[in-house]
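Summary of the model geometry
Take a look at the letters that make up each chain.
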Amino acid sequence: MYSHVAVHRSIIMADDKQNGSDMVDKAAVEVAQMALESNEDVAKPATAPKEAAHEDAGSKGATKKEENGTPKAAPVSTAAFKEQFKAFSKFGDTKSDGKHLTLSQSDKWMKQAKVIDKKITTTDTGIHFKKLKSMKLSFAEYNTFLEDLAKTKKVELDEIKSKMANCGAPGIHNATPGKAAETVARLTDTSKYTGSHKQRFDETGKGKGIAGRKDLPDSSGYVSGYTHKNTYDKTH
């Protein structure tokens with residue numbers, strides 16, 4: 001407020017002096033203006049810390065929400081899991097009615113689904129399977145077996161079921177693509193053959209047949225090593 005008054009008075013005084021004489025105290029006016037600008041600059045950042053604090057609080061809240069809201073495995077369709085149970089209960093047993101699963105069939109299922117690994121072994125599955133005191137488990141009993149296994153090994157039950165429900169039909173294993181093709185391609189690349197095997201194929205890789213396996217006698221009448229075959233003048 002006082003800065004505004006000082007500027008206003010300085011300007012009035014300067015105008016009065018200019019009317020009376022040519023001497024104007026410009027320095028006083030500039031000093032007053034500089035003081036006014038510095039006061040305005042100091043006043044502006046007053047709200048900045050509040051905005052920054054608000055942003056920090058928002059980012060902390062978001063981080064906390066993300067940490068507390070760790071996503072879990074989606075629930076598995078009971079129907080899909082039951083179909084897999086039925087399929088594997090018949091795997092290797094043509095007389096099975098699809099309603100009971102043996103330990104051997106269960107281990108094959110879990111191995112295909114990659115549930116059995118370093119953390120869950122066949123020893124673990126055997127111990128928990130035998131707790132139910134039955135050679136074959138029904139669908140309800142098998143769910144109890146999985147719940148007990150997941151709880152003991154501290155693994156999400158839905159994660160286990162998801163892998164088992166989506167591992168494909170019994171006996172199907174997902175081999176690493178490209179490995180077999182690369183091996184066959186290397187073995188069938190005739191440009192890399194040496195010795196007698198190299199003589200069995202032409203430049204394009206096509207087999208020469210018997211000519212590539214045996215030395216056939218030349219009955220054309222030309223001596224061995226003659227390079228001008230069929231170049232003579234046929235008019236004579």
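Criteria and thresholds
- Residues numbered from 1 in each chain as written.
- Predicted model: local features only at pLDDT ≥ 70, side-chain atom pairs only at ≥ 80, totals over all residues.
- Heavy atoms only, no water.
- Salt bridge = Lys/Arg side-chain N within 4 Å of Asp/Glu carboxyl O.
- Helix = DSSP H or I, 4+ residues; strand = E, 2+ residues; numbered from the N terminus.
- Buried < 20%, exposed > 50% of the residue type's maximum accessible area, 1.4 Å probe, protein only.
- Contact = heavy atoms within 4.5 Å.
- Phe/Tyr/Trp six-rings, centres within 6.5 Å; stacked < 30°, edge-to-face > 60°.
- Lys NZ or Arg CZ within 6 Å of the ring centre and 35° of its normal.
- pLDDT = per-residue confidence, 0-100.
- Axes fitted to C-alpha atoms, helices over the stretch in contact; angles between N-to-C directions.
- Parallel < 35°, antiparallel > 145°, perpendicular 65-115°, else oblique.
- Nonpolar A, V, L, I, M, F, W, Y, C, P; charged D, E, K, R; others polar.

Quick notes on the pattern of salt bridges
Close approach of charged atoms allows side chains with opposite charge to pair. All chains considered together, the criterion is met by three salt bridges. For Asp148, the salt bridge goes to Lys131, with nearest N and O atoms at 3.3 Å. Placement of Asp148 in helix 7 (residues 139-153) and of Lys131 in the loop between helix 6 (122-130) and strand 2 (136-137) is noted, with a sequence separation of 17 residues between them. Given a relative accessible area of 26%, Asp148 falls into the partly exposed group. Under the relative-accessibility criterion, Lys131 is labelled partly exposed at 49%. For Lys163, the salt bridge identified is with Glu159, shortest N-O distance 3.9 Å. With Lys163 and Glu159 both in helix 8 (residues 157-165), this residue pair falls four residues apart, about one helical turn. On the basis of relative accessible area, Lys163 is assigned to the partly exposed category, the value being 35%. Residue Glu159 is classed as partly exposed on the basis of its relative accessible area of 35%.

Regarding the side chain of Lys161
By the secondary structure assignment, Lys161 is in helix 8. Beyond its immediate stretch of four places on either side in the chain, Lys161 contacts Val76, Phe81, Asn143 and Leu146.

Considering the packing of aromatic side chains
On inspection of all chains with the given rule, the structure shows nine aromatic pairs. Seen in terms of ring centroids, Phe85 and Phe139 are 5.4 Å apart; in terms of plane orientation they differ by 80°. Their pairing is edge-to-face. Separated by 54 residues along the polypeptide, Phe85 in helix 4 (residues 78-89) and Phe139 in helix 7 bring together distant segments of the chain. When sorted by exposure, Phe85 lands in the same class as Phe139, which is buried. Centroid distance Phe129 to Phe145: 5.5 Å. Interplanar angle 70°. Geometry classified as edge-to-face. Residue Phe129 is found in helix 6, and its partner Phe145 is found in helix 7; the two are separated by 16 residues along the sequence. For the pair Phe129 and Phe145, a shared accessibility class is recorded, and that class is buried. A cation over a ring is seen here: Lys82 above Phe139, with NZ or CZ 5.4 Å from the ring centre. The lysine or arginine in question, Lys161, covers the ring of Phe81, its NZ or CZ lying 5.3 Å from the ring centre.

Observations concerning the confidence of the model for the protein chain
The predicted model of the protein chain has a mean per-residue pLDDT of 73, with 56% of residues at 70 or higher. Contacts from residues 1-8, a stretch scored under 50 in pLDDT, to residues over four places away or in other chains number six contacts. Here residues 45-68 scores under 50 on pLDDT; set against residues more than four positions off or in separate chains, the count is zero contacts.

So, the packing of helix 4 against helix 7
Axes are the key here: two packed helices are described by the angle between their axes and the distance separating the axes. Relative orientation of the contacting elements helix 4 and helix 7 amounts to 105°, with a least axis distance of 11 Å. Here helix 4 lies roughly perpendicular to helix 7, going by the angle between them. Residue-level contacts link Thr78, Phe81, Lys82 and Phe85 of helix 4 to Phe139, Tyr142, Asn143 and Leu146 of helix 7. When the residues that make up the contact of helix 4 with helix 7 are grouped by side-chain class, the tally is five nonpolar, two polar and one charged.

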